[in-house]
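Fold and geometry: a report
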Number of protein chains: 2
Amino acid sequence: MNVRFDRVASIQAAMRERGWIALVVLNHDDYRYLFGTDRTQPRALIPFQGPPELIAFSGEEPELRASLAEGKVRVFGSVGGQIHDIVGRLREIAAAAPAEWAAEGRFKVGLQMWFATPAFLVDLFKQVNPEVEVVSSDPVMDPLRSIKEPAELALMTQAQRIAGLGMDRVRELLRPGVTAHDLATEATYAMMRAGAESTSTPVYVNFGVETCMLHGRLSPKPLELGQLALIDLTPQVDGYCANLARTFVLGEPDARQAELIATYREIVASARAAMKPGVTVAGLDGIAHGVCASHGFGEYQVYGLGHGIGLRFEEPPASTIIPQHRNLPLAEGMTVTIGHTVLAIPGFGGVRFEDVYRVGASGPEILSDYPTEPIVPA
Amino acid sequence: MNVRFDRVASIQAAMRERGWIALVVLNHDDYRYLFGTDRTQPRALIPFQGPPELIAFSGEEPELRASLAEGKVRVFGSVGGQIHDIVGRLREIAAAAPAEWAAEGRFKVGLQMWFATPAFLVDLFKQVNPEVEVVSSDPVMDPLRSIKEPAELALMTQAQRIAGLGMDRVRELLRPGVTAHDLATEATYAMMRAGAESTSTPVYVNFGVETCMLHGRLSPKPLELGQLALIDLTPQVDGYCANLARTFVLGEPDARQAELIATYREIVASARAAMKPGVTVAGLDGIAHGVCASHGFGEYQVYGLGHGIGLRFEEPPASTIIPQHRNLPLAEGMTVTIGHTVLAIPGFGGVRFEDVYRVGASGPEILSDYPTEPIVPA
């Protein structure tokens, strides 16, 4: 384990500024960000001062202790006991905290409130721990995590290249009669063989009218000549996520397909031209709207053209999840996709082309270029 | 789509008994259970009376309407708007509900509070909808879902057979130098080619001391001669989950390995002999404890020998998540694993053998038998 004590120190400084007594880590992404590795049930506690603390099952203790020479490991013997042990430890930390941090006798504790934090766990935590107030850890973690270090960019670039290998395999197999399941199977295999540990979402493969789905699952019927095929691949490397979506047409596109594709490519080009520090997703959506409207597709636009990406598949700005993120200005060093939302004519079909970019001082830097040629000879 | 109106009717009857005005479905498993299909962002609402309601993005509307001749589809144009539209619809339903169902002016709405329901979504829902009280849907859904119909058992059996094919592939590849990542890649490919849509958990492959992990992720170092290898496979077919865990030793096991393996096989045999309607996980754990103690491993036992399984990987009884489930009596027709918890000597290694059973009137019926032979010739 390669504990990132520098990141721990930054978090502790930010917590002290806000008067939080601790951060409870139950999620893979924060755990990996802080401890340089992952485990199936990540459990850690960052007090406002002092060394970070890991919580392990008793059987795991020796292995964890051996891999963590410099840290401190607290050990609990049962699954059901962990939350109670966290509560006990929080009481000790609270006793050492400045009294003025408490509001109405309750100290604040940060917790990631994202998809991986289930509602029942937070409820349970609140029940057994009425002495603390659980707050979203976003204000402390987001500023730190959204700016990617070179080593993080390298892993994300590798993941994005692997997505390209998966897409290559899909392209090879696109022919009449191929099923979405076959494509997902082969793409997954190609990406795992190239080093992906998994994908951060299901593999999405949609044909024909089902390309209208915002994120469709696997289409049930085989691909037919002339249909749109929309593929979205999200391999992960060391927890870092990639996101590559492409739309293909098997054979010659008809006029509407060609117009949708041309429009989307223009949307991407316009958004890339505007993607500089300070721009917001709302701003990019506005630009996309102008392009859509000029092609007569204004009514079909879905907002949320891009999203942040990193150790989580969606990071700030994640405007389709948290509407306020629409107005979050991009900053240099963020990694953001363009092409998240489908442009679809209901009942007909939809297209999108999504890639990941680093926000550079003077414009976007694509992590790994991949062709956008949509036509696959039948 | 094959809407299960019979299940909808059962849910509505149970809701009316409890005075709930609606069930909000945001999870894949309930969605599939009710609508016979899945979508990436499942959104449905079951009012206490009248037809079920699906919520779609505008681009998805025609496809959804075409596939759902008998139902009612409500359509919303943006992602951020869905929750507000659910709130609006709940108000209409509340207006038609018996006033005496409201406690302090608030009507109850059921929501699945499991891993897939994120805390922030429930918070948001409560914020925008102070007029309803969100309650866990478990009391309504669990009795219905835990007893499996023949068609459900057929899918689970197919998934369990596919897990066996993945395990066959792992066995073929077990040799000095193979990596956990290679095994996960090949097992995933074998299972997807055989029809698995995905796995419900990561593929777990652990070697040597890392077999101590409750559910270890992929071990980083290649397999060595004489090491324990623990593999846990969880393919899904039409959403139904399988769970097959096996422990192997590459070459001749040493005395402690052999003793751990013999103990676990005895635990499984004893638990199977006791697995009848009425027994609880606590009861099975008690039996396992006797076996562990007789081999001198009493201190290493972890409670929670089995768990329910179905459209969710862990269903009631899920005692390692919800401690009260330890005392839930098994009923005929439930599907339950035996072999969930590892028996591990910290710093040395652990073993387990897990399969899925239907609880029959006179004992367990294994869904798909798979060899338990642990030794792989080196």
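Residues numbered from 1 in each chain as written. Chains lettered and ligands numbered in written order. Predicted model: local features only at pLDDT ≥ 70, side-chain atom pairs only at ≥ 80, totals over all residues.

Points about helix H5 (residues 119-128) of chain B
Selection criterion: With C-beta atoms placed from the backbone, the exposure class of a residue follows from how many other C-beta atoms lie within 10 Å of its own: 20 or more, buried; 12 or fewer, exposed; in between, partly exposed. Counting from the N terminus, the helices are the DSSP runs of H or I reaching at least four residues and the strands are the DSSP runs of E reaching at least two. To be clear, the arc concerns the directions from the helix axis to the C-beta atoms. Each residue gets a C-beta atom placed from its backbone, and two residues are in contact if those atoms lie within 7 Å.
For H5 of chain B, the complete set of buried residues consists of Ala119, Val122 and Phe125 of chain B. Buried positions in H5 of chain B, seen along its axis, are confined to an arc of 130° and lie on one side of it. Residues Gln127 and Val128 of chain B are exposed on H5 of chain B and point more than 90 degrees away from its buried face. Lining the buried residues of H5 of chain B we find helix H5 (119-128) of chain A together with helix H4 (82-95) and strand E6 (132-136) of chain B.

Digging into the relation of the copies chain B and chain A
Where we set the bar: Least squares is the method used to superpose the copies, on C-alpha atoms of residues holding a pLDDT of at least 70 in both.
Laying chain B over chain A is done by rotating through 180° and shifting 0.0 Å along the axis; what remains is an RMSD of 0.0 Å. Considering both components of the superposition, the chain copies are consistent with a two-fold axis. Minimal C-alpha distance to the rotation axis in chain B is attained by Ala119 of chain B, lying at 1.9 Å. Interface overlap between copies: 100% of the residues of chain B at the interface are likewise at the interface in chain A, consistent with a symmetric, same-surface contact.

Focus: the interface of chain B and chain A
The criterion, for reference: Ten residues, namely Ala, Val, Leu, Ile, Met, Phe, Trp, Tyr, Cys and Pro, are considered nonpolar, four, namely Asp, Glu, Lys and Arg, are considered charged, and the remaining ones, Gly among them, are considered polar.
Counting from both sides, the interface comprises 48 residues of chain B and, opposite them, 48 residues of chain A. Broken down by secondary-structure element, the contributors of at least two residues to the side of chain B that touches chain A are helix H3 (61-67), H5 and helix H8 (180-193) of chain B. The element that contributes the greatest number of residues to the side of chain B that touches chain A is H8 of chain B, accounting for 5 residues. Classifying every residue of the side of chain B that touches chain A gives 23 nonpolar, 16 polar and 9 charged.

Notes on the nonpolar core
Which entries qualify depends on this criterion: Remark: nonpolar core denotes a set of buried Ala, Val, Leu, Ile, Met, Phe, Trp, Tyr and Cys residues whose joining runs through C-beta atoms within 7 Å.
Among the nonpolar cores identified, the biggest contains 222 residues, and Ala22, Ala159 and Ile231 of chain A together with Ile21, Ala22, Ala159 and Ile231 of chain B are the most heavily contacted of them. In terms of residue count, helix H7 (residues 150-173) of chain A provides more of this core than any other element does, 8 residues in total. Leaving out residues up to four positions away in the same chain, Ala22 of chain A has contacts with Leu45, Ile46, Pro47, Phe48, Leu90, Ile93 and Val109 of chain A.

A closer look at unusual backbone geometry
All names here are of chain A. The omega torsion across Pro316 and Pro317 is -5°, close enough to zero to call that bond cis. Note that Pro317 resides in the loop between helix H10 (281-294) and strand E13 (335-338). Positive phi is not limited to glycine here, since Glu104 has a value of about 50°. Here Glu104 is to be found in the loop between helix H4 (82-95) and strand E5 (107-111). Taking the number of C-beta atoms within 10 Å as the measure of exposure, Glu104 has 5 and is therefore exposed. The residue Asp238 is not glycine, and still its phi comes out positive at about 50°. Looking at the secondary structure, you find Asp238 in the loop between strand E10 (235-237) and strand E11 (240-241).

Section: the pairing of strand E1 (residues 20-25) of chain A
Residues and elements named next belong to chain A. Here is the rule we go by: In this scheme, strands are said to pair when DSSP sees at least two bridges between them.
E1 sits mainly inside the fold: 6 of its 6 residues count as buried. The pairing of E1 with E5 spans 4 bridges and is parallel. Across the sheet, the residue bridging to Trp20 is Lys108, located in E5.

What about the environment of Ile261 of chain B?
Residue and element names in this part refer to chain B. With respect to the helices, strands and loops of the structure, Ile261 is situated in helix H9 (residues 255-274). Overall, Ile261 belongs to the buried group, with 22 C-beta atoms counted inside 10 Å. As a C-alpha pair, Ile261 and Asn2 span 259 residues in sequence and 45 Å in three-dimensional space. The residues contacting Ile261, other than those within four sequence positions of it, are Thr247, Pro253, Val351 and Pro374.

Details of the sheet that holds strand E10 (residues 235-237) of chain B
All names here are of chain B. The test is simple: In this analysis an axis means a line fitted to C-alpha atoms, helices contributing only their contacting stretch, and an angle means the value between N-to-C directions, from 0 to 180 degrees.
The 3 strands are arranged E7-E10-E11 in an open sheet whose pairing can be described as antiparallel. Strand pairing shows two members of the sheet lacking a second neighbour, strand E7 (198-199) and strand E11 (240-241), which therefore form its edges. Against the sheet, helix H7 (residues 150-173) engages E10 and E11, with an angle of about 145° to E10.

Thoughts on the environment of Glu186 of chain B
Residues and elements named next belong to chain B. Within the fold, Glu186 resides in helix H8. Along the chain, Glu186 and Val170 lie 16 residues apart, while their C-alpha atoms are 7.4 Å from each other. Excluding anything up to four places from it in sequence, Glu186 contacts Arg169 and Leu173.

A look at the sheet that holds strand E7 (residues 198-199) of chain A
Neighbouring strands of a sheet are bound in pairs by backbone hydrogen bonds; such pairs are parallel or else antiparallel. All names here are of chain A. Pairing in this open sheet of 3 strands is antiparallel, and the strands run E7-E10-E11 from one edge to the other. Each having just a single partner strand, E7 and E11 make up the two edges of the open sheet. As judged from the 2 bridges shared by E7 and E10, these two strands associate in the antiparallel manner. Its bridge partner being in E10, Ser198 is matched across the sheet by Gln236.

Section: the pairing of E13 of chain A
All names here are of chain A. Covered by surrounding structure in E13 are Thr335 and Thr337 together with Val336 and Ile338, the residues of both alternating faces. Across 4 bridges, E13 lies against strand E16 (residues 355-360) in antiparallel orientation. Residue pairing for E16: Thr337 is matched across the bridge by Val356.

Quick word on the packing of H7 of chain B against H8 of chain B
For any two helices packed against each other, one specifies the crossing angle of their axes together with the interaxial distance. All names here are of chain B. Test applied: Throughout, a crossing is termed right-handed when the near helix is turned clockwise from the far one, and left-handed when it is turned anticlockwise from it by less than a right angle.
Contact pair H7 / H8: the axes reach a minimum separation of 8 Å and the direction vectors enclose 140°. In this structure, the crossing between H7 and H8 has a hand that is right-handed. Taken together, the residues of H8 that come into contact with H7 (itself represented by Ile162, Ala163, Leu165, Gly166, Arg169, Val170 and Leu173) are Asp182, Leu183, Glu186, Ala187, Ala190 and Met191. Considered class by class, the residues forming the contact of H7 with H8 number 9 nonpolar, 1 polar and 3 charged.

Here we look at the domain arrangement of chain A
All names here are of chain A. For clarity, the cut-off: Residue ranges for the domains originate in an automatic or database domain assignment.
Domain annotation for chain A reports domain 1 (5-145) and domain 2 (147-376). With centres defined by C-alpha atoms, the gap from domain 1 to domain 2 works out at 34 Å. Between domain 1 and domain 2, the contact holds 8 residues from the first and 6 residues from the second. At the level of elements, helix H2 (28-35) and helix H6 (138-146) are the ones that each hand at least two residues to the side of domain 1 that touches domain 2. For the side of domain 1 that touches domain 2, the leading source of residues is H2, giving 4 residues. Each residue belonging to the side of domain 1 that touches domain 2 can be placed in one class, and the counts come to 2 nonpolar, 1 polar and 5 charged.

Side note on the environment of Thr117 of chain A
Residue and element names in this part refer to chain A. Secondary-structure assignment places Thr117 in the loop between E5 and H5. Under the C-beta neighbour-count criterion, Thr117 is labelled buried, with 22 such atoms within 10 Å. For the pair Thr117 and Tyr204, spaced 87 residues apart in sequence, the C-alpha separation works out to 24 Å.

Some remarks on helix H9 (residues 255-274) of chain A
All names here are of chain A. Quick note on the threshold: Multiply 1.5 Å by the residue count of a helix minus one, and that product is the helix's expected span.
Between the first and last C-alpha of H9 there are 29 Å, a value that for 20 residues agrees with the 28 Å anticipated at 1.5 Å per step. Among the residues of H9, those classed as buried are Gln257, Leu260, Ile261, Thr263, Tyr264, Ile267, Val268 and Ala271. Seen from one end, H9 has its buried residues packed into an arc of 160°, which puts them on one side. Away from the buried face of H9 by more than 90 degrees, exposed residues Ala255, Ala269 and Ala273 are located. Those residues of H9 that are buried are in contact with strand E9 (228-233), strand E12 (244-250), H10, E13, strand E14 (343-345) and strand E15 (349-351).

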